[in-house]
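# Working through the structure, step by step
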Amino acid sequence: MGRNNFGSQHQQTHVRRNAGGATAISPKAAKPSPTMTDYLSLHSRLAQVGQEHLLKFWPELSNDERVELVRDIEELNLDEIKQYFDRATVSMNENGIKLDDRLQPLPEGKLISISRAPVEKVAAYRDEGLRQISNGHVAVLLMAGGQGTRLGFDHPKGMYDVGLQSRKTLFRIQAERILKLEELAEEANAKRGHITWYIMTSEHTVQPTYDYFVANNFFGLKAENVLLFEQGSLPCFEYDGRIILDEKHRVARAPDGNGGIYRAMKRQGILDDMQKRGVLYLHAHSVDNILIKVADPVFIGYCVQEKAECAAKVVEKAAPNEAVGVVAIVDDKYQVVEYSEISAKTAEMRNSDGRLTFSAGNICNHFFSSHFLQKIGSTFEQELKLHVAKKKIPFVDNAGKRLTPDKPNGIKIEKFVFDVFEFAQKFVAMEVPRDEEFSALKNSDVAGKDCPSTARSDLHRLHKKYIESAGGIVHGDVCEISPFVTYAGENLASQVEGKSFTSPVYLRDTRDPLHGHL
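Throughout this description, residue numbers start from 1 for each chain and increase along the sequence as written. In view of the model being predicted, local features appear only for residues whose pLDDT reaches at least 70, and side-chain atom pairs are presented and counted only at 80 or more, with totals across whole chains, interfaces and linings using the full set of residues. Derived side-chain values reflect all non-hydrogen atoms in the structure, with water molecules and hydrogen atoms excluded from consideration.

### Examining the packing of helix H4 (residues 119–134) against helix H5 (residues 170–189)
Packed helix pairs are characterised by how far apart their axes lie and by the angle those axes make with each other. Quick reminder of the rule: Every axis in this analysis is a line fitted to C-alpha atoms, fitted for helices over the stretch in contact. Angles between the N-to-C directions lie between 0 and 180 degrees. The helix count covers DSSP runs of H or I at least four residues long, the strand count covers runs of E at least two residues long, and both are numbered beginning at the N terminus. Here the word oblique covers every angle except those under 35 degrees (roughly parallel), over 145 (roughly antiparallel) and from 65 to 115 (roughly perpendicular). Only heavy atoms matter for contacts: two residues are in contact if any of them lie within 4.5 Å across the pair. Gly falls in the polar group here, along with every residue not listed as nonpolar (Ala, Val, Leu, Ile, Met, Phe, Trp, Tyr, Cys, Pro) or charged (Asp, Glu, Lys, Arg).
One can describe the packing of H4 onto H5 by two numbers: an axis separation of 8 Å at closest approach and a directional angle of 100 degrees. As far as their axial angle goes, H5 and H4 are roughly perpendicular. Contacts from Arg-126, Leu-130, Arg-131, Ile-133 and Ser-134 in H4 reach Leu-181, Leu-184, Ala-185, Glu-186, Ala-188 and Asn-189 in H5. Taken together, the residues that form the contact of H4 with H5 break down as 6 nonpolar, 2 polar and 3 charged.

The following block contains the structure:
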């Protein structure tokens, strides 16, 4: 893995390079105990921003605890803290405002529907995308900071196995799609390019994710083309702007949301790494969509030909009341409008062809040019909207006892990945068929939607469709095709045309193990 896999804003380990060139985790060197001078200097700085209460338990702390508290406080950008809280308060006061009067749908020229576009146009986009991959110009940013807690799975969500015959996890499926795409690009252009895989983890998932990739030999990818980095965090605030203490010696903090990628990419050298490698285009998506077309050449090619700085893949909303954000224009700027921000009347509006007017459902699937990401990192990141949620945040009372409140007592601040849309000079969107490209994994099977059983059946249904489109017949519903066999249904005819298959079907490659695992 690359040199900057683990540089982090608040992590207790760092990476060193051993003689063999591999990366290894080693403990940070112990810091000397803070002196009275350190305390006075820190108290003075905190008092200037109204946060001196963070030191109120100092006399009771051990040396190690003092070191931890000092580190926590040093990681807060004290100059930004008040500004963050003030901006968050403005954002909170805007919650609930309906945007109907300021809203416009995406104009036709900015949105292409893959299912309605001419076949030759889609093929030309695909050729363009494969050419860019062959030239090494394409990277993938995987947002994989979350744990599978809601799935009853106490590990990074990417390590989850939804129960396919192959027993492949989300990480493995996506890694194999990248490998297959590199091969398809090489076949098309007689040149092998590598897709760099940047994986955004979190404080809790970085180590197990790294260990998992090492244990599985990076699923056949070159280790130097897989870089892990960590999402940042922001402090949790009381309603009056004071930062909450989680323990006597620890500041309460929460992940800064998927919009934290922009700051993390800049701080942890990912933007520099892209420049060094000659990466021009980035496909960003979340880990929990089992149907994701990783580094989709059609999407990349469309965006390149349109000279887009930023783009979104969308799916057509299933119904007016589907609780999904839509990509639209507000006050002449592109943004994702949450379901709660528009009235039922606006949500139900239809065009003359019967389709919903505001139909472009956001699925956390985006394209960025590296030039645009550099602009965000250097300028616009500081202007990103802050989203506020009132939460029950554990805190330490005046007696030093840690309590968990039974009602919201403070705020957590998040940034959203799509809030950069408004800064794009050239923005486009691509509508893709939901049944081919989107099946989220959010809940356990009890929920009955966006869960392992729906992810599994959506993949089975799509793979059955691939075989039938290539001239085969499938009896039954359980059908899986290895990514090594096909990326998106291509080149299957020689294997399936005129043949009949009976469920459970599993088309695999020589690289796939005989018995499913991992």
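### So, the packing of aromatic side chains
Short version of the rule: Think of it this way: a Phe, Tyr or Trp ring, Trp meaning its six-membered ring, pairs with another when their centres are within 6.5 Å, and the plane angle makes it stacked under 30 degrees, edge-to-face over 60, tilted otherwise. For every residue, the accessible area (1.4 Å probe, protein chains only) is compared with the maximum for its type, and the residue is labelled buried under 20%, exposed over 50%, or partly exposed between those bounds. Whether a charge sits over a ring depends on NZ of Lys or CZ of Arg being within 6 Å of the ring centre and within 35 degrees of the ring normal.
This model, assessed by the stated rule, comprises 19 aromatic pairs. Here Tyr-125 and Tyr-302 contribute two aromatic rings whose centre-to-centre distance is 5.3 Å and whose plane-to-plane angle is 65 degrees, an arrangement assigned as edge-to-face. Here Tyr-125, found in helix H4, pairs with Tyr-302, found in helix H9 (residues 297–305); they are 177 residues apart in sequence, far enough to count as distant. For the pair formed by Tyr-125 and Tyr-302, the shared burial category is buried. Their ring planes at 80 degrees and their centres at 5.1 Å tell us that Phe-153 and Tyr-160 sit as a pair that is edge-to-face. Taken as a pair, Phe-153 and Tyr-160 share a single burial class, namely buried. The rings of Phe-171, Trp-197, Tyr-212, Phe-213, Phe-218 and Phe-219 are connected pair by pair, giving a single aromatic cluster. The side chain of Lys-390 reaches across the aromatic face of Tyr-239, ending 5.7 Å from its centre.

### Remarks on the domain arrangement of the protein chain
Convention followed: An automatic or database domain assignment supplies the residue ranges for each domain. Buried area adds together the accessible area that both of two parts lose upon being put together, with accessible area traced by a 1.4 Å probe. Counted as salt bridges are all cases of a side-chain nitrogen of Lys or Arg within 4 Å of a carboxyl oxygen of Asp or Glu. For this analysis, a polar contact is any N or O atom pair within 3.5 Å, provided that within protein one partner can donate a hydrogen and the other can accept it, and provided that sequence-adjacent residues contribute only side-chain to side-chain pairs.
Splitting the protein chain by domain gives domain 1 (36–75) and domain 2 (92–449). For domain 1 versus domain 2, the separation of C-alpha centres amounts to 36 Å. At the interface, 15 residues of domain 1 touch 15 residues of domain 2. Approximately 1,300 Å² of surface area, both sides summed, lies buried where domain 1 meets domain 2, with 52% of it carried by carbon and sulfur atoms. Of the charged contacts, one joins Arg-250 and Glu-68 as a salt bridge, the two residues approaching to 3.0 Å between their closest N and O atoms. Remark: the boundary between domain 1 and domain 2 carries 9 residue pairs in polar contact (both at pLDDT 80 or more). For the side of domain 1 that touches domain 2, the residue count by class is 5 nonpolar, 3 polar and 7 charged.

### Details of the pairing of strand S16 (residues 333–337)
Definition in use: A pair of strands is treated as paired once DSSP finds two or more bridges between them.
The buried count for S16 comes to 4 of 5 residues, which makes it a mostly enclosed element. Bridge count for strand S15 (residues 326–330) against S16 is 5 bridges, and the pairing is antiparallel. Considered in S16, the bridge of Val-327 is made with Val-336.

### Some points on the sheet that holds strand S9 (residues 237–238)
Paired through backbone hydrogen bonds, the strands of a sheet run either parallel or antiparallel to each other. The strand order S9-S21-S18 describes an open sheet built from 3 strands, whose pairing is antiparallel. Edge positions in the sheet fall to S9 and strand S18 (387–391), since each has one partner strand and no second. With 5 bridges connecting them, S18 and strand S21 (residues 410–414) associate as antiparallel partners. Residue Lys-390 lies in a different strand from S21, and its bridge partner there is Ile-411.

### Let's talk about helix H2 (residues 63–75)
Residues spaced three or four apart along an α-helix point in a common direction, a consequence of the helix completing one turn every 3.6 residues. Threshold: Given the number of residues in a helix, its expected span is that number minus one, multiplied by 1.5 Å.
With 13 residues, H2 extends 19 Å from end C-alpha to end C-alpha; this agrees with the ideal 18 Å at 1.5 Å per step. Looking at H2, one finds that the buried residues are Arg-66, Val-67, Leu-69, Val-70, Arg-71, Asp-72 and Ile-73. For H2, the elements touching its buried residues are helix H1 (36–48), strand S10 (245–247), strand S11 (250–251) and strand S12 (253–255).

### Regarding the side chain of Ser-202
Structurally, the position occupied by Ser-202 is in the loop between strand S6 (196–201) and helix H6 (206–215). The class for Ser-202 is buried, based on a relative accessible area of 8%. A distance of 2.8 Å separates the side chain of Ser-202 from the backbone oxygen of Gly-145, its partner in a polar contact. Not counting residues up to four positions away in its chain, the partners in contact with Ser-202 are Gly-145, Glu-230 and Gln-231.

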